[in-house]
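Structural overview for review
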Amino acid sequence: MNSYHPYGGRVRTPGLLLLILMLMTAAAPAQAGHSEPLPLAAADTSTTAQPDTLTTTTDSLTTAADSLAAAARAGSRRNSGVDTTVIYQARLIDNDVSARKSYFIGDAQVRYKDMTLKAGKITVDWDAETLTAEGLPDSAWVVNHSGTDSSRQLIIKDRPVLVQSGSEMTGDQMVYNYKTERGRVVRGRTAFEDGRYVGEQIKLVGEKTFNVSNSIYTTCDLDSNPHFHFKARRLKMIVNERVIAKPIVLYLGHIPVAALPFAFFETRTGRHSGVIIPRYGESLQEGRHLRGLGYYWAPNDYFDARATVDYFEKSGWLMELGTNYALRYRLNGAIEGSFTRKNFSSGYTDRRWDLTVRHSQEFSPTSRFSASGYFISDNSYYKDLSINLYTRLTRELRSNATWSKYWPEQKISLSANFSQVHDLQDDVTQTTLPQISLRKSQTQLFKPGKKTGAGSRRNARWYHNLYLSYGSNFLNARRESLSMAGGDTTIKVDTDRSLANSLDLSLSSPNKYFGFLAINQSLSIDQDLYDRVHAFSLNPATGTIEDNEENKVAARHTFSYSASANTKIYGVVAPGIGDIQAIRHVVTPSLSFSYRPDFSAKAWGYYTYLQDTSGRTVKRDRFGGTTGSGGSQMVSLSVRNLFQMKRGSGEKVKKIDLFNMDFSTSYNFRAEQYRLSDLRTSWQANPARNFSLSASTGHSFYAWDKSRSTRVNRYLFEDEGWEKGEFLRMTTFNLNFSLRFEGKGEKKQKTETLSDTTGMGADSLRWADDLTVEEENMLRRGRRFQDDRAFGHQSIPWRLNTTFNFFFDKTNPDRPNKRYYLDISGAELSLTKKWRLGYSAHVDLEKGIISYHRCTIYRDLHCWEASVDWVPSGSGKRVYFRINVKSPSLSDIKLEKFGGAGSVLGY
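The shown structure was predicted, so the numbers you read here are calculated from the model rather than taken from an experiment. (Residues numbered from 1 in each chain as written. Predicted model: local features only at pLDDT ≥ 70, side-chain atom pairs only at ≥ 80, totals over all residues. Heavy atoms only, no water.)

Per the secondary structure count, the chain includes seven helices and 55 strands. Classification of the 907 residues of the chain by burial places 36% in the buried group. Taking the intrachain contacts of the chain between residues at least 6 apart in sequence as the baseline, contacts between residues at least 24 apart amount to 50%. If you sum the accessible surface of the chain, you get close to 52000 Å²; carbon and sulfur atoms cover 55% of it. (Helix = DSSP H or I, 4+ residues; strand = E, 2+ residues; numbered from the N terminus. Buried < 20%, exposed > 50% of the residue type's maximum accessible area, 1.4 Å probe, protein only. Contact = heavy atoms within 4.5 Å. Areas by Shrake-Rupley, 256 points an atom, 1.4 Å probe, with all protein chains shown as cover.)

A cluster of like positive charges, contributed by Lys512, Lys568, Arg584, Lys646 and Lys655, occupies part of the molecular surface. You can see Arg584 is positioned in strand β37 (residues 580–596). (Patch = residues over 30% accessible without salt bridge, like charges linked within 9 Å, V, L, I, M, F, W, Y side chains within 5 Å. Salt bridge = Lys/Arg side-chain N within 4 Å of Asp/Glu carboxyl O. Lys, Arg positive; Asp, Glu negative; His and termini not counted. Charge placed at Lys NZ, Arg CZ, Asp CG, Glu CD.)

Cis geometry marks the peptide bond from Lys246 to Pro247, where omega comes out at -25°. Note on placement: Pro247 falls in strand β16 (residues 242–252). In this chain, Leu433 is followed by Pro434 through a cis amide linkage whose omega measures -10°. Looking at the secondary structure, you find Pro434 in strand β29 (residues 428–444). One non-glycine residue, Glu129, lies in the positive phi region at around 55°. Tracing the sequence through the fold places Glu129 in the loop between β5 (115–125) and β6 (130–134). Given a relative accessible area of 10%, Glu129 falls into the buried group. In this model, Tyr674 sits at a positive phi of 50°, which is unusual for a non-glycine residue. Residue position: Tyr674 is located in the loop between β41 (654–668) and β42 (679–688).

Let us look at the packing of aromatic side chains. Within this structure, the stated rule accounts for 22 aromatic pairs. Ring plane angle 75° and centroid distance 5.9 Å describe the contact between Tyr606 and Phe623, whose orientation is recorded as edge-to-face. Of this pair, Tyr606 sits in the loop between β37 and β38 (607–611) while Phe623 sits in the loop between β39 (617–621) and β40 (632–647); the two residues are 17 residues apart in sequence, bridging distant segments of the chain. You'll find Tyr606 and Phe623 in the same group, each marked buried. With a centroid separation of 5.6 Å and 40° between ring planes, the pair formed by Phe659 and Trp683 is classed as tilted. One end of the pair, Phe659, is in strand β41; the other, Trp683, is in strand β42, and 24 residues separate them in sequence. Its end group placed over the ring of Phe623, Arg556 keeps NZ or CZ at 5.3 Å from the ring centre. Positioned over the ring face of Tyr607 is Lys619, at 5.8 Å from the centre of the ring. (Phe/Tyr/Trp six-rings, centres within 6.5 Å; stacked < 30°, edge-to-face > 60°. Lys NZ or Arg CZ within 6 Å of the ring centre and 35° of its normal.)

As a general feature of sheets, a regular strand has side chains that alternate between the two faces. Alignment of strand β43 (residues 691–700) against strand β46 (residues 729–742), held across 10 bridges, turns out to be antiparallel. Within β46, the residue paired with Ser700 across the bridge is Arg729. Taken together, the 11 bridges between β46 and strand β49 (residues 798–809) define a ladder with antiparallel strand orientation. Bridge pairing links Glu742 to Arg799 in β49. (Pairing = 2+ DSSP bridges.)

Looking now at the side chain of Thr558. Along the polypeptide, Thr558 turns up in strand β35 (residues 554–566). Residue classification places Thr558 among the buried positions, given a relative accessible area of 8%.

The next subject is the environment of Thr123. You can see Thr123 is positioned in strand β5. The residues touching Thr123, leaving out its near neighbours within four places in the chain, are Ser102, Tyr103, Thr130, Leu131 and Thr132.

This brings us to the nonpolar core. Membership of the largest hydrophobic core comes to 45 residues, with the highest contact counts inside it found for Phe104, Ile122, Phe228 and Phe230. Tyr374, Tyr382, Leu397 and Leu424 belong to the second largest nonpolar core, which has eight residues in total. (Core = buried A, V, L, I, M, F, W, Y, C linked by side-chain atoms within 4.5 Å.)

Turning next to the pattern of salt bridges. Under the defined criterion, the tally for this structure stands at 21 salt bridges. In this structure, Arg640 engages Asp662 in a salt bridge whose closest nitrogen and oxygen atoms are separated by 3.0 Å. Residue Arg640 is located in strand β40, and its partner Asp662 is located in strand β41; the two are separated by 22 residues in the primary sequence. You can call Arg640 partly exposed: its relative accessible area is 38%. Given the relative accessible area of 18%, Asp662 is considered buried. Here the residues in one salt-bridge network are Glu742, Arg799, Glu828 and Arg836, joined through shared partners.

In the sheet, β49 pairs with strand β50 (residues 817–830) via 11 bridges, with the strands oriented antiparallel. Considered in β50, the bridge of Phe804 is made with Leu822.

Taken together, Phe741, Trp798, Leu800, Leu829, Leu831, Trp835, Leu837 and Ile857 make up a surface patch of nonpolar side chains, about 670 Å² in accessible area. Breaking the nonpolar patch down by element, the ones donating at least two residues are β49 and β51 (835–844). Position of Leu800 among the secondary structure elements: in strand β49.

Looking at the element boundaries, Arg620 is found in strand β39. Along the chain, Arg620 and Leu610 lie 10 residues apart, while their C-alpha atoms are 8.2 Å from each other. Ignoring any residue separated from it by four or fewer positions in sequence, one finds Arg620 in contact with Phe536, Ile545, Tyr606, Tyr607 and Thr608.

This is the structure we're talking about:
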C-alpha cells in the first residue's frame, strides 16, 4: 500500500518499518544483547500536486531496504555514530545501497539535535558519517546592466542553510561529520544583528565554534562591493559569545585605511557583561582623547554596574560610575556619578565630582519609599564638562526623599519627607529635614441609621452631612546663603522649626436647594507650635527696633470660615451644519464667602506693639511674619463657560470641548482700600491635537492718577465713566499659542534601538516626541554629559513645532511693559530621501534679536551618515561635523571635527 503525506508528515507503512529494522541491523555491533540508538527514527516524505514533482513510494523503499538489509547481513557491521534522533524530509529520497549513501533532493531538510540543515540537495554518506549539502543548478532569464535585453543563464538555487542555536549560516557547500561534530562551509555567510560575516571557508571545529579563513564583516547590505568592510585572514567565531580576528584591516571600498594585529568583539545579544570599547577624538583645547573606556558588569537580572574613564592628552581624565538595580513589584533605582582631578575651565588641578541617586521601593500596597538626589562639587561643574543643553541650563538641583504609609480603613495617611533645593546661580541651599505630615481624610461625624432606600434619604438630618478632617505637619527648615561683611564671605544660616495642626469641619448639602443650588460650608481651625519667638524692643540710644530670638515653645491658634454656592445652566443649539449634531454651552456660576479675623489685633497677642521715637505705633509679628495682618471678609464671584460640540452619528459620535472662558473677581470688606480686586479673565482652546491657544487678561476698576503716577482709591465710573463708557482699565494681557505640524510618513515604530552612549548596553527608548515631560527630563538627566539628539524620526518628511508668547503689563499706563518671543523647536525638513535639515531658535521679537539658534544638516550615506551641528552664537557657540557608520554597533567608527572651546567633552 502506498501512502502520501504533505510536507513534514510522518509516513508509517510496512516498507518504512522494514527500513528501520534494516538500519538497526546495519548499525548493530558484534556483541549480542547490545544496541545503539537508531540512526534514523523515521523517514518523512512528501508530495505536492505539481506534475514534475518526484515522489518516493513504499515499494521503492521496501526494495532499497531489502537490498541494504542483505548487505548488512553479509557482514557489514558498523556503528552509525548517531546518538540521537534524525528527522529528514525531501521531495525525492534516493538510496544507493551499494555505496551506502542516501540522497535527499528538492527542499531537503535534516534536523539533528539543535541543528537544522536545509538545501536543494543533501547527501548522507553512512560510511564516511557525513552530510553534504549543496544547491541545485537551474536556469533563469537575467536582465543585463542596461536593462534592454536578457539572457538565459545557469544559476544555483536553494543554497544550503544551517540553523543552530538561533544563528543562521548560508554557503555554497556544507559538509558536516555527525560523529565528530565537525564541519566545513565553502563561501559561508551568516548574519549578526544588522551585520553579516562572509568567509571563503568556514569549519565547525567545536560544538559552537567556527574557524573562518579570509573573512569579511560589514553592515553594508551591498553584496558585491560594500562601502566598507573589515577583513581578517583568520577568524574564530563562537556562536552568541565572541569573535576573535587577526590581523584585521578596515577597508573603505577597496582601499585599506586602518589595521590592527588582532581584534576582539562580543557577539552576545541582550544584556551581558563585557568591555566597553572607547571612542577616539581630537580637539584643539584638549588634544587627543579616548572616551568611554571601561567595563560593564551584569551578574544577574536584578543588578548591573559600569565604570568608564575618559582620558585627555592635555588636561587629565574624567571617570564615570553607574549602577542600576531592580526587583519587579518591589524596588528599583540607579546611582550614577563622575569624578575628575582637573578643572577644565581654569586649568588648575582640583577634585570635582557629581552624584545622582534614584530609588523607589514598595513595602506593601499601602507603604512606599522614593528618593532622588542630585549633588555636585561646585556650581560650574556641568557648565564646564557637559555638552547637553538641558544640563547646562539647569539652575536648580532638587533632591527629595519621601516615605508614606496609608491606612485605608481608618482613612489615615502618614508621610516623612526630606528635601533640598540648591540654587546654582545664587548659591543658596534650602533644606527641609524633616517634614512629617499626618492626615486623616474627611470622615462623617454622625452616621444615619442602617435603613436603606429612598426612605433613609428622607429621614437623613442636616448633621448627617457634617464631615471632619484633621492634619498635622512638623517642619524643620534650614536656609544657607552667602553673606558679605567687611570684605569677608561668610555662610548665613537661617532655621525655621514649627508644628502645625489643622482641623477642618465641613457641611455639604446632599440635595440641591430649589432643585438647582448646591451649598457647602467649611470651618478650619489651625494650631501652630514654634520652638522660638521674636522679642522686639526699642533701643533709646539708636532709636531702632531690635529683634531678639527667645528659645521657648509658643502656640498660635487661628481659624477661618468659608461658604460657597454654585449651580449649572445649560444651553443647547442644533446648527444643522454638516455632521454637527449640537453645540452646548455650560455656564457654572459660583458665589463664595470667606472670613478670617485680623490676628494682628492686640486681643490675640500675636503681635508686639511699640512706639518709635516719633510717637508712631509700630507692630511686629512675634512669629516671624507668618501670622499675617488685616484679616479677610471676602465675597468672591466666578463664572465658568464651557462650549462643547457633538458631531457624527451612531458609534462614531464624538464629543469635543471647543473652548472655555472664565471670569472671576472678589470684594474684601475688611480691606482699608482697593476692596474690589481686578477682574480676571482666562480663555483656553484646544481645537486640534496639534494646536493650542490660551489668553488671560486683568482689568482694574480703579482710576489712575497721572500726576502722581499711582492708582487711586476711586472707581473709574466716578470720573464721568458713565458718560465715556469707561468702567474697567486693562492692566495685563498674556497670549500663548503653540503649533505642531508634521508630514505624513511611514508608520512610527514604538521603540527604536539606540547606540550605547552610556556604556550600559543598548536601551530601547521611545522617540522624544512620544515621551511625557517627566520621562524626557529623566532621560536627559541620565545622559547629562551627552548631547541631545538633533533629529526626530527619520521617516517623517517634515515637522514644525512653534510657540509664541506675548506678555503685556499696563499696570502703570504711563510706562507700559511688553515682552514677546518665539520659540522654534524641532523644525525639520527632508529635502530628499538622503538630505535633512533641522533648525531650532529662541527669538526675542521685542528686541529683534535671536537669543539662541541651532542649525543641523543630515545626510544619509547608505550605510554611513554625516551631520553638521552649528550653534552660531551664545554660550554654547560651536561647530561640530561628524561622519560615522550608521549601524548602532559600529557608530564609534567615525570622523569628527570640533570647533569652539566651550566644553572639554566635544565643543
